[in-house]
Amino acid sequence: MITDIKGLHHVTSMAADANENNTFFTDTLGLRRVKKTVNFDAPDVYHLYYGDETGTPGSVMTYFPFPGMRRGHRGAGEVGVTEFAVPKGSLGYWQTRLVDKGMIRQSEDVAFGEKRLSFDGPDGDGFAVVETEDRGRTPWTGVDVPETAGVFGFNGARFRLKDASATGELLEYMGYQKADTQGNLTRYIIEGGNAADTIDLEEIGDAPMAGQGAGSVHHIAFAVDDRAAQLRVRQALMDTGYQVTPVIDRNYFWAIYFRTPGGVLFEVATNEPGFDHDEDTAHLGEALKLPEQYEAQRAEIERVLPDLAA
Ligand code: ZN
């Protein structure tokens, strides 16, 4: 069994409009933009990272805004809900704030003893804010969301699957423990993780498979401390028969990817070197950062990318 996974590292989704996406995360949800860079495979598209003050693994939501991209359609085989942890007693605040910002499709419920407010993002993204303890995490306070309501980071994610059994087995192999079941939901938790430590599997039987597009999660990344741990995880996954990519340098972490039996694309990402290794913490996310291979094309890239509000 793998013992190196610490919980979530980041979640990466797709959007149709960079400015709408930027406004939603930095204003509506009150996260900090911790990196403004480009899609390393398509440098005419942004890769935007939002999180806590320094982009602590377990707090980082990232987006590829492809201009005018068609919406995905929701279904089986995807991350259906990305869940943000917020302080106890703050759901009322979020209900009002989200309505004020135009997020009117909301529903409140309780799952596994946690109060949650589910809502759609700008592209129909499935989100929830979930009331939890802070567990040592501090919200970003550079915005008008009060500290008593600010997002701590991820609580976890909910996958929607035709059949949860193989993905459940994989999660257990990755160090998660089956914690509880409620109807068609099964909760998995990782002990000793970074607080972004729950995965809920929702079995939806004969629902159609999801089609990816704007508002869809592209992949979900799990955290390991360093490159040595990542190589151990890679080997263990390959020993079990998974096809895992080579290690890829993403500038702010190293990444490996593999497709899981339920259809969700998994990544394992290192906590090193982090988002503050190439700019001051005080100015994270302000300047356009390009990987070395695209520096020569900077003028052209800057001309194509839309200006973003700070
Ligand atoms: Zn990723």
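Residues numbered from 1 in each chain as written. Predicted model: local features only at pLDDT ≥ 70, side-chain atom pairs only at ≥ 80, totals over all residues. Heavy atoms only, no water.

**Quick look at the overall build of the protein chain**
Stated precisely, the cut-off is as follows: For helices the rule is a DSSP run of H or I covering at least 4 residues; for strands it is a run of E covering at least 2, with both sets numbered from the N terminus onward. Note on method: radius of gyration uses C-alpha positions; expected globular size equals 2.2 Å times residues raised to 0.38. The rule is simple: take the accessible area with a 1.4 Å probe, protein chains only, and divide by the maximum for that residue type; under 20% is buried, over 50% is exposed, in between is partly exposed. Two residues qualify as a contact provided that any one of their heavy atoms is within 4.5 Å of a heavy atom in the partner residue. A 1.4 Å probe and the Shrake-Rupley method give the accessible areas. Residues count as covered only by the protein chains that appear here. In this tally Asp and Glu are treated as negative and Lys and Arg as positive; neither His nor the chain ends contributes. In plain terms, the charge of a residue is placed at NZ if it is Lys, CZ if Arg, CG if Asp and CD if Glu.
Of regular secondary structure, the protein chain possesses five helices and 16 strands. Its C-alpha atoms give the protein chain a radius of gyration of 18 Å, within 12% of the compact-globule value 19 Å for 310 residues. The proportion of buried residues among the 310 residues of the protein chain is 57%. A separation of at least 24 residues holds for 67% of the contacts in the protein chain among residues at least 6 apart in sequence. Total accessible area computed for the protein chain in this model is approximately 12,800 Å², and 47% of it derives from carbon and sulfur atoms. A distance of 2 Å separates the average location of the 29 positive side-chain charges in the protein chain from that of its 48 negative side-chain charges.

**Details of the sheet that holds strand β7 (residues 114-120)**
In plain terms, the rule: By definition, two strands form a pair when at least two bridges between them are found by DSSP. Between N-to-C directions, angles span 0 to 180 degrees; the directions come from axes that are lines fitted to C-alpha atoms, helices contributing only their stretch in contact.
Across the sheet, which stays open at both edges, the eight strands sit in the order β6-β7-β8-β5-β9-β12-β11-β10 with mixed pairing between neighbours. Each edge of the open sheet is held by one strand with a lone partner, namely β6 (106-111) and β10 (176-182). Going across the sheet, the axis of each strand differs from the next one's by a mean of 25°, ignoring polarity. Relative to strand β12 (residues 198-203), strand β11 (residues 185-190) runs antiparallel, the two being bridged by five bridges. Bridging across to β12, I189 finds its partner in T198. Along the sheet, helix α3 (residues 165-173) makes contact with β9 (153-161), β10, β11 and β12, crossing β12 at roughly 165°.

**Points about the pairing of strand β5 (residues 78-87)**
As a general feature of sheets, a regular strand has side chains that alternate between the two faces. With 10 of 10 residues buried, β5 is to be regarded as a mostly interior element. With seven bridges joining them, β5 and β9 adopt antiparallel strand pairing. Considered in β9, the bridge of V79 is made with F159. Bridge count between β5 and strand β8 (residues 126-132): six bridges; the pairing is parallel.

**Considering the coordination of the zinc ion**
Defined as follows: Each metal's donors comprise the N, O and S atoms found within 2.8 Å of it (within 3.2 Å for Na, K or Ca). Water is not part of the atom list, so some coordination spheres may appear incomplete.
Coordination sphere of the zinc ion, protein contribution only: H10 (NE2), H219 (NE2) and E267 (OE), at 1.9 to 2.0 Å. In primary sequence terms, the donor set of the zinc ion follows H-x208-H-x47-E. Of the two residues, H219 is situated in strand β13 (residues 217-224) and E267 in strand β16 (residues 265-273); the sequence distance between them amounts to 48 residues. By the burial criterion, H219 is buried, and E267 matches it.

**Observations concerning the pattern of salt bridges**
Where charged atoms from two side chains of opposite charge come close, those side chains can pair. Selection criterion: By salt bridge we mean one thing: a side-chain nitrogen of Lys or Arg within 4 Å of a carboxyl oxygen of Asp or Glu.
The final tally for this structure, using the stated rule, is 17 salt bridges. Here R160 makes a salt bridge to E202, at a shortest N to O gap of 2.9 Å. Of the two residues, R160 sits in strand β9 while E202 sits in strand β12, which places them 42 residues apart along the sequence. According to the relative accessible area criterion, E202 is buried, its value standing at 12%. Several salt bridges share partner residues, and in doing so they unite D27, R97, K101 and D144 into one network.

**A few points about the sheet that holds strand β14 (residues 248-249)**
Pairing in this open sheet of eight strands is mixed, and the strands run β2-β3-β4-β1-β13-β16-β15-β14 from one edge to the other. Edge positions in the open sheet fall to β2 (32-39) and β14, since each of these has one partner strand only. In the sheet, strand β3 (residues 42-51) pairs with strand β4 (residues 60-65) via three bridges, with the strands oriented antiparallel. In the strand pairing of β4, Y50 is matched with M61. Packed on one face of the sheet, helix α1 (residues 18-28) meets β1 (8-15), β2, β3 and β4 and runs near 10° to β3.

**Concerning the side chain of H9**
For clarity, the cut-off: As used in this structure description, the phrase polar contact means that two N or O atoms lie within 3.5 Å; if the pair is within protein, one of them must be able to donate a hydrogen and the other to accept it, and residues adjacent in sequence are counted only when both atoms belong to side chains.
Structurally, H9 can be placed in strand β1. Within the structure, H9 has its side chain in polar contact with the backbone oxygen of T270 (distance 3.0 Å). When near neighbours in sequence (up to four residues on either side) are disregarded, H9 contacts P57, G58, S59, V60, F154, A221, F222, A223, F253, A269, T270 and N271.

**Some remarks on the environment of D307**
Checked against the element boundaries, D307 lands in the segment after α5 (298-304). Residue classification places D307 among the exposed positions, given a relative accessible area of 71%.

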